[in-house]
Amino acid sequence: MSVDKETVARIAHLARINVPEESLESIAGDLNNILAWVDQLSEVNTDDVEPMTSVVHARLRQREDVVNDGGKRDAVLKNAPETEHGFFAVPKVLE
Amino acid sequence: MTKLTDLSMADALAGLDNKDFTSVELTEAYVAAVEGGTSINAYTTQTPEKALEMAAAADASRAAGTAGPMAGIPLAIKDLYCTEGVLTTASSHILDGFTPAYESTVTSNLWRDGAVMLGKVSLDEFAMGSSNETSFYGAVENPWRAGDGKSRVPGGSSGGSAAAVAAHMAVAATGTDTGGSIRQPASFCGLVGIKPTYGRCSRWGVIAFASSLDQPGPITRSVKDAAIMLGSMAGYDAKDSTSIDTPVPDYAAALTGDIRGLKVGIPKEYRLDDAPAEILALWDQGVDWLKAAGAEIIDISLPHTKYALPTYYIVAPAEASSNLARYDGVKYGLRVPGDSLDSMYANTRAEGFGDEVTRRILIGTYVLSAGYYDAYYLKAQKLRTLIAQDFENAYASCDVILTPTAPSAAFGPGENADDPISMYLNDVFTVPASLAGVPGISIPAGLSGDGLPLGLQLLGKPFDEETVLRVAGVLEEAANFTAQPNNWWTGDKS
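These figures come from a predicted structure and were not determined experimentally. (Residues numbered from 1 in each chain as written. Chains lettered and ligands numbered in written order. Predicted model: local features only at pLDDT ≥ 70, side-chain atom pairs only at ≥ 80, totals over all residues. Heavy atoms only, no water.)

Asks: Describe the nonpolar core, naming the residues involved and giving the relevant values.
Replies: With 183 residues, the main nonpolar core has Tyr43(B), Ile73(B), Leu110(B), Phe126(B), Phe391(B), Leu402(B) and Leu458(B) as its most contacted residues. Sequence-distant contacts of Tyr43(B), defined by excluding residues within four places in its chain, comprise Val34(B), Ala76(B), Leu118(B), Gly119(B), Lys120(B), Val121(B), Ala164(B), Met169(B) and Ala170(B). (Core = buried A, V, L, I, M, F, W, Y, C linked by side-chain atoms within 4.5 Å. Buried < 20%, exposed > 50% of the residue type's maximum accessible area, 1.4 Å probe, protein only. Contact = heavy atoms within 4.5 Å.)

Structure below.
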């Protein structure tokens, strides 16, 4: 599996990072080196191995379904680059 | 007379108890040290007024007989911990101006116990790196310089934490460890650093890198200091769903010095063919020290060790790509305008993230994307199961595992900058324990031929930090590491 410029452009779009055209080639090179290196995992037979999602062998706890926090609108908005009328403000989405 | 800033945490606490000095005096000495040590570039934000206020409160609590276990001890806080009302950057441009409205659980625990905040210290951007060179606020220099006088990196990602403690600009510091980010900088700076069991310290309020691996821990000047500080940091927290509800033992009480009959495993897979001779010699020396203290040495095998790093470099970037999706120019930090919502996102993230963070987000996005998920991410999760099983199997026959911490002493700035993989190889001995979630500690054990510190690592069973600390205490005593860096940063030789 090899990554080309078009693939870098596609994943950069998925990640919402603007990567300039002239950097695509060198990033593709970096990614290919890393992917070639991690490919050694294919040596290991993992057919009967369960994937690990957490090292913690505990069940997620449940709690009462009640409101236990809130009323912090101003604190939540405090760090926003732009707010309007108590909301986060973003560039126009609908024409 | 010993300078106040030269005291260990345990000795400073004794001095405070004994009324030899006050926390305000101790804190004033540290504030001066921080101001005099700016050429190291460890601190991203200094909070001297807050420090003196907290110190005065600690003195009052001591006078009232209500002092907590860390009352009056000045600390540096890794700038990955959210601190209420104090700039928190993760050393990234994208968090410009972010001042949290809340305090992380771990720092809350430290303040509850009376500790004092000197300020926030630098890290590799979003904790991604092994040299502290990827910080938006510039590289941090290691207080230790090689015999040739050339500068060295402090390690990473907790490089600011380690540099601040090594230069006596804080009694101790908080760090975080995802693949070695506490243990490797501790090794590079001649300090003690412990990564607790995953789930021992709350991750709440610590800016996330790879959530299944991230774990807070202390960087200190001695094993006893590590025991004291871990006791304050640790504990169950309902706000972290992976926090484990088990009592926090008295870690300092575990330092009995008695390891007779304890079984120490030596994993053959860590004996890398190309490891420097001085690293292997120090490891052999560590074996001899533990043997002399009455421990039994056992050869063990962790057969999937060589797959740990490639596994990590799939799992960690995948989680990072997901965690860092929240930086979108809307809720906090930097916003770079664009002509649409999407272009605002893409412009903000392009300008806000550095090269290494971008590289890892792209790798993570790729391995999670349609068509590649099974081949990379699922495969890595399966390898992670095998790596964790290696440790479970090993702990059937031993109590702790002894290894080197890092494959070299601190390297020079720029040395591993051209090749991401050569930088990643720094974590070859620390990453397996992170993937398995087991605790690990680095103890300064000797000097390289170049006069730089070298660390030994002890790994333990899950939630058995007590045994890890006990053995670490024995190694510390045997190694008797008393070397200090030459003070080039203030010119003060006293």
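There's plenty left to go through after this.
Asks: Report on the packing of helix H2 (residues 21-38) of chain A against helix H11 (residues 355-368) of chain B, specifying residues and quantitative values.
Replies: One way to put it is that H2(A) packs onto H11(B) with a least axis distance of 11 Å and a crossing angle of 60°. With respect to H11(B), the axis of H2(A) lies oblique. Of the two possible hands of crossing, H2(A) and H11(B) adopt the one that is right-handed. Along the contact surface, H2(A) presents Ile27(A), Asp30(A), Leu31(A), Ile34(A) and Leu35(A), while H11(B) presents Arg359(B), Leu362(B), Ile363(B), Tyr366(B) and Val367(B). When the residues that make up the contact of H2(A) with H11(B) are grouped by side-chain class, the tally is eight nonpolar, no polar and two charged. (Axes fitted to C-alpha atoms, helices over the stretch in contact; angles between N-to-C directions. Helix = DSSP H or I, 4+ residues; strand = E, 2+ residues; numbered from the N terminus. Parallel < 35°, antiparallel > 145°, perpendicular 65-115°, else oblique. Left-handed = near helix turned anticlockwise from the far one by under 90°. Nonpolar A, V, L, I, M, F, W, Y, C, P; charged D, E, K, R; others polar.)

Asks: Describe helix H8 (residues 277-292) of chain B, listing the residues and the values that go with them.
Replies: Residue and element names in this part refer to chain B. When the terminal C-alpha atoms of H8 are compared, their 22 Å separation across 16 residues agrees well with the 22 Å that a helix rising 1.5 Å per residue should span. When H8 is considered as a whole, its buried residues turn out to be Ile279, Leu280, Leu282, Trp283, Gly286, Val287, Trp289 and Leu290. Contacts from the buried residues of H8 go to strand S7 (263-267), strand S8 (296-300), strand S9 (400-404), strand S10 (440-447), strand S11 (453-460) and helix H15 (465-479). The positive-phi residue at the C-terminal boundary of H8 is Gly294, with phi of around 100°. (Expected span 1.5 Å × (residues − 1).)

Asks: Can you explain the interface of chain A and chain B? Please cite residues and give values.
Replies: The interface is formed by 48 residues belonging to chain A together with 68 residues belonging to chain B. Approximately 5000 Å² of surface area, both sides summed, lies buried where chain A meets chain B, with 69% of it carried by carbon and sulfur atoms. A per-residue breakdown of the area chain A buries against chain B is headed by Trp37(A), Leu41(A) and Met52(A), which together make up 14% of the total. Residue Asp342(B) is joined to Arg16(A) by a salt bridge in which the shortest nitrogen-to-oxygen separation is 2.8 Å. The interface formed by chain A and chain B holds 21 residue pairs in polar contact (both at pLDDT 80 or more) in total. Sort the elements by how many residues they give to the side of chain A that touches chain B and H2(A) lands first, with eight residues. Classifying every residue of the side of chain A that touches chain B gives 30 nonpolar, eight polar and 10 charged. (Buried area = accessible area lost by both parts, 1.4 Å probe. Salt bridge = Lys/Arg side-chain N within 4 Å of Asp/Glu carboxyl O. Polar contact = N/O pair within 3.5 Å; in protein donor to acceptor, adjacent residues only side chain to side chain.)

Asks: I'd like to hear about the packing of aromatic side chains, residue by residue, with values.
Replies: Working definition: an aromatic ring pair is given by the centre-to-centre distance plus the angle between the planes. Residues and elements named next belong to chain B. By the definition in use, this model includes 19 aromatic pairs over all chains. A centroid spacing of 6.1 Å and a plane angle of 45° characterise the contact between Trp144 and Phe481, whose relative ring orientation is tilted. Taken together, the residues Trp144 in the loop between strand S3 (116-121) and helix H5 (159-166) and Phe481 in the segment after H15 connect sequence positions 337 residues apart. Grouping residues by exposure puts Trp144 and Phe481 together as buried. Seen from their ring centres, Trp488 and Trp489 are 5.6 Å apart, and the 85° between their planes marks the pair as edge-to-face. By the ring-pair criterion, three or more aromatic residues cluster together here, those being Phe98, Phe126, Tyr327, Tyr332 and Phe353. Above the face of the Trp488 ring, Arg145 is positioned so that its terminal group lies 3.8 Å from the ring centre. Positioned above the aromatic ring of Trp204 is the side chain of Lys239, whose terminal nitrogen or guanidinium carbon lies 4.0 Å from the ring centre. (Phe/Tyr/Trp six-rings, centres within 6.5 Å; stacked < 30°, edge-to-face > 60°. Lys NZ or Arg CZ within 6 Å of the ring centre and 35° of its normal.)

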